[in-house]
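Working through the structure, step by step
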Amino acid sequence: MRRASELALDFLNGLGERHVGAQIDATALAGQLGGPLPDHGEDPVAVVEQMARVLDPGLVASAGPRYFGFVVGGALPASVAADWLTSAWSQNSVLHALSPAAAAAELVAASWMLNLLDLPPDAGVGFPTGAGLGNAVGLAAARHGVLAKAGWDVEASGLYGAPEIRVVIGGDAHSTLLTALQYLGLGRERVVRVPADEQGRMRADLLPDALDHSVPTIVCIQAGNVNSGAFDPADAVADAVAGHPNAWIHVDGAFGLWANVSPKLRHLVAGVARADSWATDAHKWLNVGYDCGFVAVRDATAQRAAMSTRAPYLMQDHDQRDGWEFVLDSSRRARGFIVYAALRSLGRNGVREMVERCCALARRMAERLGSVEGVEILNDVVLNQVLVRFTPSDGGDGDAFTRAVMTRVQDEGEAWMGGTTWQGKAAIRISISNWSTTEADIDRTVDAMLRAAGR
């Protein structure tokens, strides 16, 4: 364990200057790691050293300051250290009886998260693997809530013969929302889509046409479009849904919900608190490292009804918190420890400053790139997302050229960002959500991109 700590610190100390992308693929690495399973065990120190040596070229510096792909956060020092302790303690946070310590950390971290994100203080809270399963938990609670109001016990009777649920989403909803509906038997193709505007925001003025007041309804809104960073207009959506006799609003806020921590950004999430459930990630903007999500449900009873299990052998103390009543998994890692450590080390002001700094850095990148001829910023940079497109000087294929610029930057290793298609055009998608990213990192990345484009 001491040797592992030394190797981990060596990696972290060099993180800011290492080649950002991987330099070998999994097939080649597996050839070095693999072979027949040994008949006899090996020295643990030798195993750890071999792993660190062989796997290093395949490691992505995704926790580093110039990784801008997939809305990946870094890992705060306090959360990394707490995660080491979490592994050493090896607590199963399924039941209070298994770990009062894990239950206590979740209880405090849950309270702090609700307060920080300005959500109802008595909401039910769970810490799933990420916002994707957070969406599944929130939508399971929604399924319970609207069907219970219609007189149907979905946990006991399933969906066979149940009243049909109408699910309404925005035209540019994230794929994990559809996956959650798939998990829950609500169908990814049965949704009613409300068209989105040019920034990916749900057209709330068209929402009334998608509502049917005669059936149970779940309306899903997005706080932070994964490409543009734009927000569905939560207040207008809540107004449109207010007259429905049996409706539930769920918010997919994987990274955008964190705008609520900043007075400068809070207008983007106006009305979000009027929803019934919310999902976000701690491993994105809270920078706790992987994996940790967050889900909150206004009606904690609905959440527990949708999630909890009963068995004679379970030692359940109903005066204490049992973690599995709030998430899909039972035996699980005690994620409350790392959330607690991150929040305690940052404080409210530290979280706010981190979010605001990332947004300021996104604007800096957009301004620098957008000032160069042949470089186009495709989105309104309202948060931490920047969409960039390059046009070749000879007027050729902009899609192919944009992808080529991205590949050159990735290959050079100075920075890493992914690609996407936005409004029918190829674009480079940049997400800035790392606590350690500085203005110097932004400038180095812009220089690398312009160099790759021959500008």
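What this report covers is the structure whose coordinates are included nearby. The model shown is predicted, which means the values in this text are computed figures rather than measured ones.

1. Some details on the pairing of strand β10 (residues 418–422)
Here β10 shows a clear split, with Gly418, Thr420 and Trp422 buried on one side and none of Gly419 and Thr421 buried on the other. Across five bridges, the pairing between β10 and strand β11 (residues 425–431) is antiparallel. What sits directly across from Gly419, in β11, is Ile428. As consecutive antiparallel partners, β10 and β11 are separated by two residues, and within that stretch Gln423 has a phi angle of approximately 50 degrees, a positive value.

2. Brief notes about empty space enclosed by the protein
Enumeration according to the criterion identifies three cavities of 30 Å³ or more in this entry. The calculated volume of the largest cavity comes to roughly 60 Å³. Lining the largest cavity are Gly170, Gly171, Asp172, Ala173, His174, Leu177, Gly200, Cys220, Ile221, Gln222, Asp232 and Asp252. The greatest single-element share of the lining of the largest cavity, amounting to three residues, is contributed by strand β4 (residues 217–222). A breakdown of the residues in the lining of the largest cavity according to their chemical character gives four nonpolar, five polar and three charged.

3. Structural notes on the nonpolar core
One finds Trp258, Leu286, Phe390 and Ile430 to be the most contacted residues of the largest nonpolar core, which totals 83 residues. Tallying contributions element by element places helix α12 (residues 336–370) first for this core, with 14 residues. Dropping the residues within four chain positions of it, Phe390 is found in contact with Leu369, Gly374, Val375, Gly398, Phe401, Thr402, Val405, Ile428, Met449, Leu450 and Ala453. Judged by nonpolar contacts, the second largest core, of 28 residues, contains Leu139, Ala141, Ile165 and Val191.

4. Observations regarding a nonpolar patch on the surface
A contiguous nonpolar surface patch, about 260 Å² in accessible area, is contributed by Leu9, Leu12 and Trp84. Along the chain, Leu9 turns up in helix α1 (residues 2–13).

5. With respect to the packing of aromatic side chains
Summed over all chains, the structure comprises five aromatic pairs. Consider the rings of Phe70 and Trp416, whose centres lie 5.8 Å apart with planes at 25 degrees: the pair is stacked. Taken together, the positions of Phe70 in the loop between α3 (44–55) and α4 (77–89) and Trp416 in the loop between α13 (398–412) and β10 put the pair 346 residues apart, joining distant regions of the chain. Classification of Trp416 by relative accessible area gives buried; the value is 17%. Ring plane angle 75 degrees and centroid distance 5.0 Å describe the contact between Trp89 and Phe337, whose orientation is recorded as edge-to-face. With a gap of 248 residues between them, Trp89 in helix α4 and Phe337 in helix α12 connect regions that are remote in the sequence. Here Trp89 falls in the partly exposed class, since its relative accessible area comes to 43%. In this structure an aromatic cluster arises from ring pairing among Tyr67, Phe70 and Trp416. Sitting above the plane of the Phe326 ring, Arg321 keeps its charged end 4.5 Å from the centroid.

6. A look at the sheet that holds strand β8 (residues 375–377)
Pairing within the open sheet is antiparallel, and its four strands lie in the order β8-β9-β11-β10. One side of each edge strand has no neighbouring strand; the edge strands of this open sheet are β8 and β10. Going across the sheet, the axis of each strand differs from the next one's by a mean of 40 degrees, ignoring polarity. Those strands touched by α12 are β8, β9 (385–390) and β11, and its axis lies near 145 degrees from that of β8.

7. Considering the pattern of salt bridges
Within this structure, the stated rule accounts for 27 salt bridges. Across the pair Asp239 and Arg274 runs a salt bridge, and its minimum N-O distance is 2.9 Å. Taken together, the residues span a long stretch of sequence, with Asp239 in helix α10 (residues 234–241) and Arg274 in the loop between β5 (247–252) and β6 (277–281) at a distance of 35 residues. Overall, the relative accessible area of 39% leaves Arg274 in the partly exposed class. Taken together, the shared-partner salt bridges in this structure form one network comprising Arg364, Arg368, Glu439, Asp443 and Asp447.

8. Let's talk about the side chain of Gln222
Along the chain, Gln222 falls in strand β4. At 3.3 Å, the side chain of Gln222 forms a polar contact with the backbone oxygen of Asp172.

9. Observations regarding the layout of surface pockets
Each pocket or cavity is described by its volume, and for the largest pocket that value is around 1,100 Å³. The wall of the largest pocket is formed by 37 residues, among which Ala8, Phe11, Leu12, Val80 and Trp84 lie closest to the centre. Secondary-structure elements contributing two or more residues to the lining of the largest pocket are α1, α3 and α4. No other element matches the eight residues that α1 contributes to the lining of the largest pocket. Considering only residue class, the lining of the largest pocket consists of 23 nonpolar, seven polar and seven charged. In this structure, the second largest pocket encloses a volume near 330 Å³. In this structure, the second largest pocket is lined by 22 residues; those nearest its centre are Phe70, His174, Val226, Lys284 and Arg429. Broken down by secondary-structure element, the contributors of at least two residues to the lining of the second largest pocket are α6 (131–149) and β10. At four residues, α6 tops the list of elements feeding residues into the lining of the second largest pocket.

Calculation rules
Residues numbered from 1 in each chain as written. Predicted model: local features only at pLDDT ≥ 70, side-chain atom pairs only at ≥ 80, totals over all residues. Heavy atoms only, no water. Buried < 20%, exposed > 50% of the residue type's maximum accessible area, 1.4 Å probe, protein only. Helix = DSSP H or I, 4+ residues; strand = E, 2+ residues; numbered from the N terminus. Pairing = 2+ DSSP bridges. 1 Å grid on protein atoms, 1.4 Å probe; cavity = no way out; pocket = protein on both sides within 12 Å on 5 of 7 lines; lining within 4 Å. Points joined across faces, edges and corners; volume = space filled by probe spheres on them. Nonpolar A, V, L, I, M, F, W, Y, C, P; charged D, E, K, R; others polar. Core = buried A, V, L, I, M, F, W, Y, C linked by side-chain atoms within 4.5 Å. Contact = heavy atoms within 4.5 Å. Patch = residues over 30% accessible without salt bridge, like charges linked within 9 Å, V, L, I, M, F, W, Y side chains within 5 Å. Areas by Shrake-Rupley, 256 points an atom, 1.4 Å probe, with all protein chains shown as cover. Salt bridge = Lys/Arg side-chain N within 4 Å of Asp/Glu carboxyl O. Phe/Tyr/Trp six-rings, centres within 6.5 Å; stacked < 30°, edge-to-face > 60°. Lys NZ or Arg CZ within 6 Å of the ring centre and 35° of its normal. Axes fitted to C-alpha atoms, helices over the stretch in contact; angles between N-to-C directions. Polar contact = N/O pair within 3.5 Å; in protein donor to acceptor, adjacent residues only side chain to side chain.

No statement about biological role is implied by the geometric values presented.
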